[in-house]
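# Notes for the structure review
So you can see what is in the structure, the chains are spelled out below.
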Amino acid sequence: MQTNQINQTSIPTNKIFHGDCISVMQGLPANSIDFILTDPPYLVHYQDREGRSIQNDNNADWLMPAFQECHRVLKQDSFIVSFYGWTQADRFFAAWRSSGLRIVGHLVFHKPYTSKSRFLKYQHEQAYLLAKGNPTIPENPIADVIDMPYSGNMLHPTQKPVPALKPLIEAFTQKHDLVLDPFCGSGSTLMAAKILNRRYLGIELDEQYYAAALKRLHPVGIRASVGFYSPQIPRAR
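Being a predicted model, the structure only gives us computed values, none of them experimental.

## Some thoughts on the sheet that holds strand E8 (residues 124–132)
With mixed pairing, the eight strands of this open sheet are ordered in space as E2-E11-E10-E3-E4-E8-E5-E9. Each edge of the open sheet is held by one strand with a lone partner, namely strand E2 (15–18) and strand E9 (145–147). Sheet twist, expressed as the average angle between the axes of neighbouring strands with direction ignored, equals 20°. Bridge analysis of strand E3 (residues 33–38) against strand E4 (residues 74–83) gives five bridges, and the strand direction is parallel. When the bridges of E4 are listed, Thr38 appears paired with Ser82. Across the sheet, helix H4 (residues 162–172) lies against E3, E4, strand E5 (102–110), E8, E9 and strand E10 (178–181), angled at about 160° from E3, the strand it touches most.

## Brief notes about the nonpolar core
Formed by 32 residues in total, the largest nonpolar core has its most connected members in Met25, Ile36, Trp96 and Leu180. When residues of this core are traced back to their parent elements, those giving at least two are helix H1 (21–26), E3, helix H2 (63–73), E4, helix H3 (89–98), E8, E10 and strand E11 (199–204). Residue contacts for Ile36: discarding those within four places in its chain leaves Cys70, Val73, Leu74, Phe79, Ile80, Val81, Leu180 and Pro182. Within the second largest apolar cluster, 31 residues are counted, among which are Leu37, Tyr42, Ala131 and Ile146.

## A word on the packing of H2 against H3
Packed helix pairs are characterised by how far apart their axes lie and by the angle those axes make with each other. Closest axis-to-axis distance for the H2/H3 pair is 8 Å, and the angle between their directions is 40°. With respect to H3, the element H2 is oriented oblique. Crossing handedness for the pair H2 and H3: right-handed. For the pair H2 and H3, the contacting residues are Leu63, Met64 and Phe67 in the first and Arg91, Phe92, Ala94, Ala95, Trp96 and Ser98 in the second. Residue classes in the contact of H2 with H3 are distributed as seven nonpolar, one polar and one charged.

## Remarks on the confidence of the model for the chain
For any part of a model where pLDDT is low, the fine detail of the predicted coordinates should not be relied upon. Confidence in the prediction of the chain, expressed as mean pLDDT, is 88, and 89% of residues score 70 or more. Below pLDDT 50 for its whole length, residues 222–237 participates in 34 contacts with residues either more than four positions away or in separate chains.

## A short note on the side chain of Gln159
Position of Gln159 relative to the elements: it lies in the loop between E9 and H4. Of note is the side chain of Gln159, whose polar atom sits 3.4 Å from the backbone nitrogen of Met154. Every residue in contact with Gln159, bar those within four places of it in the chain, is listed here: Ser151, Asn153, Met154, Ser186, Ser188 and Arg216.

## Regarding the environment of Leu178
Along the polypeptide, Leu178 turns up in strand E10. Judged by its relative accessible area of 0%, Leu178 falls in the buried class. Residues Leu178 and Thr13, spaced 165 residues apart in sequence, show a C-alpha to C-alpha distance of 7.6 Å.

## Some points on the pattern of salt bridges
Taken as a whole and judged by the stated rule, the model has five salt bridges. Among the salt bridges present, the one from Arg52 reaches Glu50, with a minimum N-O distance of 3.6 Å. Between Lys111 and Glu125 there is a salt bridge whose closest N-O contact spans 3.3 Å. One end of the pair, Lys111, is in the loop between E5 and strand E6 (116–117); the other, Glu125, is in strand E8, and 14 residues separate them in sequence. When its relative accessible area of 15% is taken as the criterion, Glu125 is described as buried.

## Here we look at the layout of surface pockets
A volume near 700 Å³ is recorded for the second largest pocket. Lining the second largest pocket we find 27 residues, and of these Phe79, Thr136, Pro138, Ala171 and Phe172 sit closest to its centre. Secondary-structure elements contributing two or more residues to the lining of the second largest pocket are E4, E5 and H4. The greatest single-element share of the lining of the second largest pocket, amounting to five residues, is contributed by E5.

## Quick notes on the packing of aromatic side chains
For the coordinates displayed, the defined rule picks out 14 aromatic pairs. Ring centres 5.7 Å apart and planes at 40° place the aromatic pair Phe35 and Phe172 in the tilted group. One end of the pair, Phe35, is in strand E3; the other, Phe172, is in helix H4, with 137 residues separating them in the sequence. Phe35 gets classed as buried once you look at its relative accessible area, which sits at 0%. Given a relative accessible area of 14%, Phe172 falls into the buried group. Note on Tyr84 and Tyr128: the rings are 5.1 Å apart at their centroids and 40° apart in plane angle, and the pair reads as tilted.

The rules behind the values
- Residues numbered from 1 in each chain as written.
- Predicted model: local features only at pLDDT ≥ 70, side-chain atom pairs only at ≥ 80, totals over all residues.
- Heavy atoms only, no water.
- Pairing = 2+ DSSP bridges.
- Helix = DSSP H or I, 4+ residues; strand = E, 2+ residues; numbered from the N terminus.
- Axes fitted to C-alpha atoms, helices over the stretch in contact; angles between N-to-C directions.
- Contact = heavy atoms within 4.5 Å.
- Core = buried A, V, L, I, M, F, W, Y, C linked by side-chain atoms within 4.5 Å.
- Buried < 20%, exposed > 50% of the residue type's maximum accessible area, 1.4 Å probe, protein only.
- Parallel < 35°, antiparallel > 145°, perpendicular 65-115°, else oblique.
- Left-handed = near helix turned anticlockwise from the far one by under 90°.
- Nonpolar A, V, L, I, M, F, W, Y, C, P; charged D, E, K, R; others polar.
- pLDDT = per-residue confidence, 0-100.
- Polar contact = N/O pair within 3.5 Å; in protein donor to acceptor, adjacent residues only side chain to side chain.
- Salt bridge = Lys/Arg side-chain N within 4 Å of Asp/Glu carboxyl O.
- 1 Å grid on protein atoms, 1.4 Å probe; cavity = no way out; pocket = protein on both sides within 12 Å on 5 of 7 lines; lining within 4 Å.
- Points joined across faces, edges and corners; volume = space filled by probe spheres on them.
- Phe/Tyr/Trp six-rings, centres within 6.5 Å; stacked < 30°, edge-to-face > 60°.

Pasting the structure below:
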């Protein structure tokens, strides 16, 4: 059963929704999210050695409407970091730009291992830093190359390691900010946010990965926070 009902006047925090991210985000108020960090399907028909796959990795129908909703719910002058598939870069660029997001930086995640070999050895992942509006330029910017240790992919076929995500959340948010991952998979972004004392909101379509994320974030069956985050309250900077 998908759980995507949201109170229109407030946003539940520290919660994971099971459902389609476009539908769930349509229930969120505009300008209510401080930062989005996400790893969407790469549109490459990916399947790992165990036969695990990712829903909607075989079509781009969701791509533009999903990022339109990301832009709408994100606060003005704030950031999105989105991983992407390099073979489908043109599609991602078109979706980001049509939604009103500006490309303001590129990130490379160096892997100390080879995930695949063809003409080259694949030893990195990549993401773009996207902006809504004109965020303030930081005094000490984060480096655009980040180490990415092997996660083990125990919970998800493309599971990102928490240590590679923490620097991004530290750089682009403050404590108690609200971090959204609309393609949260097994919950690595949410775990990084939780460790750093940020509030989180995740959405996952696949029931198996949703269950893994829920167990990971609430390992002893503790229900998600009943506290609510009000987008009308300005954040201190």
